[in-house]
Structures are given as C-alpha cells and as structure tokens.
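# Architecture at a glance
One letter stands for each residue in the lines below.
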Amino acid sequence: MCFDERAATWDDDPDKVARSAEVAAAIRRQVDLGDRPRTLEVGAGTGLLSRALRADLGDVVLSDSSNGMIEVAEQVIAAERLTGWSTAYANVDRGELPAGPFDLVLSQLALHHMAEPESVLRLIHAALNPGGHLAIADLDHDPDGAFHKAHGDFHGHDGFDRVRLTHWLTELRFADIQISTATTLTKDVDGEPREFPIFLATARKPG
C-alpha cells in the first residue's frame, strides 16, 4: 500500500473519522487521561485518533514513516491551530521513535503493518515515562487473510491473537493489561460485506 498517494484524501472517508471517534471513546473508558498526558501517536497518518482525543491530551507528536501523511498532518495542525502539536518522521521498522519520554503512546491500525511488532512494543516501552500508558487498536487475528485479500502488495500481519499480544506485553513487564473490542470495521470481501473486530489493548509501564 502506498500511503503517500492516499494521504491527501485520507480524512475524506467518514468511516475512518467515525472509527477514530469510537476508538477514542474506548480509550477514555480504559485509560485515565485526567493529567493531559504528553502523547505520541505511532503510525499516526494524519492524526485522526489523537485529534479525536484532543480535549484530553497535552502536547502531541504525530509520527509516521509516510512523508505524504506527515505533510497532511502538518497542514491539519496549522489549520486547526493545535498548539503544542508536532510531527516527526520515524520508521519504527528501523528502530526509530521520536525522543521521549511520553505519558501516553497511541496507535491505530498501524501495528499490523510493522515488520516486527514485538520490537515496536519494546521501543514503546522504552519511550514511556514510568506510570505511562500505551493504547493500541488493531485487527483481531484474521486467519484467512481476508481483510487484506485485495491488497497484493501487503506484507504485514493478518491481525493479532489477543493471547499472544498479552504474552508480549507481559514479557515486557507491562502492568494492568486489558484487551477488549473497541469497534468493528466492515469491508467487502469477494463482493460481500464482512465485519472485522478491532481490539483495544491498554497497559501501563510500572512506576
């Protein structure tokens, strides 16, 4: 998938905007955002998820490995006058993350595009302040690869098994691990609509 080419019209899809609002609502239910955390969104695209949480967040860094998405995110930050918000090019597959520490790290439908998810989670753990939280929304395990069936250039992961994800987070010594269904995504597969659950995994780095 070429996200650079899709960046200019990314926010025009009302389903993406609505899904971000639903994931944001799930995050509010599971994470205390009362202290307006300094936030990093990994694989942020145009920052739809962070923008859905803007009233609850402090300074925000939107990071992505797509220059096109970064350019659009910068335009949105300027147009919406989002004080304390910035962008950063970062390729997590090369071990890159913006300089922390952060109180909250977000990700929405990005982890399954990353080559080594465990390594990404390790980077996130290192970037968090003690007591900080991660909140990752992504696809449940899709054993037949139906979600990406139409994308011949997809080389990521067909979602994640919740037990395996819990194991990864436990191995990294995260605490208060919770995984629940945040929303569903409907997509045509072979001409028929099919629903795909989107989980929200939250966890805390012990203080």
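Going by the structure above, here's the rest.
All figures in this text were calculated on a predicted structure; none of them were measured in a lab.

Here the focus is the pattern of salt bridges. Counted by the stated rule, this structure contains 8 salt bridges. Lys16 is the salt-bridge partner of Asp13, the closest N and O atoms lying 3.2 Å from each other. Overall, the relative accessible area of 26% leaves Asp13 in the partly exposed class. The salt bridge involving Arg162 is made with Asp140; its shortest N-O contact spans 2.8 Å. Here the residue Arg162 occupies a position in helix H6 (residues 162–171), and Asp140 occupies one in the loop between strand S5 (128–139) and H6, the gap between them amounting to 22 residues. Since its relative accessible area comes to 25%, Arg162 is described here as partly exposed. In the salt-bridge network here, residues are joined through shared partners; they are Arg51, Arg54 and Glu80.

As a further point, take the side chain of Asp56. With respect to the helices and strands, Asp56 occurs in the loop between helix H3 (48–52) and strand S2 (60–64). In this structure the side chain of Asp56 is engaged in a polar contact, spanning 2.8 Å, whose partner is the side chain of Arg28. Setting aside chain neighbours within four positions, we find Asp56 in contact with Arg28, Leu33, Arg36 and Pro37.

Right, let's talk about unusual backbone geometry for a bit. Cis geometry marks the peptide bond from Gly100 to Pro101, where omega comes out at 5 degrees. Position of Pro101 among the secondary structure elements: in the loop between strand S3 (85–89) and strand S4 (102–108). Look at Arg81: it is not a glycine, yet its phi comes out positive at around 50 degrees. By secondary structure assignment, the location of Arg81 is in the loop between helix H4 (67–79) and S3. Look at Leu109: it is not a glycine, yet its phi comes out positive at around 50 degrees. Looking at the secondary structure, you find Leu109 in the loop between S4 and helix H5 (117–127).

Our focus in this paragraph is the packing of H5 against H6. The description of two packed helices rests on the angle between their axes and on the distance between the axes. Interhelical geometry of H5 versus H6 gives an angle of 40 degrees and a closest axis separation of 10 Å. Compared by their axis directions, H5 and H6 come out oblique. Here H5 and H6 pass one another in a crossing that is right-handed. Across the interface between the two elements, Pro117, Glu118 and Leu121 of H5 pack against Leu165, Trp168 and Leu169 of H6. Residue classes in the contact of H5 with H6 are distributed as 5 nonpolar, no polar and 1 charged.

Before going further, it helps to examine the nonpolar core. Membership of the largest hydrophobic core comes to 29 residues, with the highest contact counts inside it found for Ile27, Leu49, Leu53, Leu62, Leu106 and Leu200. Those elements giving two or more residues to this core turn out to be helix H2 (14–30), S2, H4, S4, S5, strand S6 (175–189) and strand S7 (192–204). Setting aside chain neighbours within four positions, we find Ile27 in contact with Leu33, Leu49, Leu53, Leu106, Ala135 and Leu200. Leu134, Phe160, Trp168 and Ala203 belong to the second largest nonpolar core, which has 26 residues in total.

Rules used in this analysis
- Residues numbered from 1 in each chain as written.
- Predicted model: local features only at pLDDT ≥ 70, side-chain atom pairs only at ≥ 80, totals over all residues.
- Heavy atoms only, no water.
- Salt bridge = Lys/Arg side-chain N within 4 Å of Asp/Glu carboxyl O.
- Buried < 20%, exposed > 50% of the residue type's maximum accessible area, 1.4 Å probe, protein only.
- Helix = DSSP H or I, 4+ residues; strand = E, 2+ residues; numbered from the N terminus.
- Polar contact = N/O pair within 3.5 Å; in protein donor to acceptor, adjacent residues only side chain to side chain.
- Contact = heavy atoms within 4.5 Å.
- Axes fitted to C-alpha atoms, helices over the stretch in contact; angles between N-to-C directions.
- Parallel < 35°, antiparallel > 145°, perpendicular 65-115°, else oblique.
- Left-handed = near helix turned anticlockwise from the far one by under 90°.
- Nonpolar A, V, L, I, M, F, W, Y, C, P; charged D, E, K, R; others polar.
- Core = buried A, V, L, I, M, F, W, Y, C linked by side-chain atoms within 4.5 Å.

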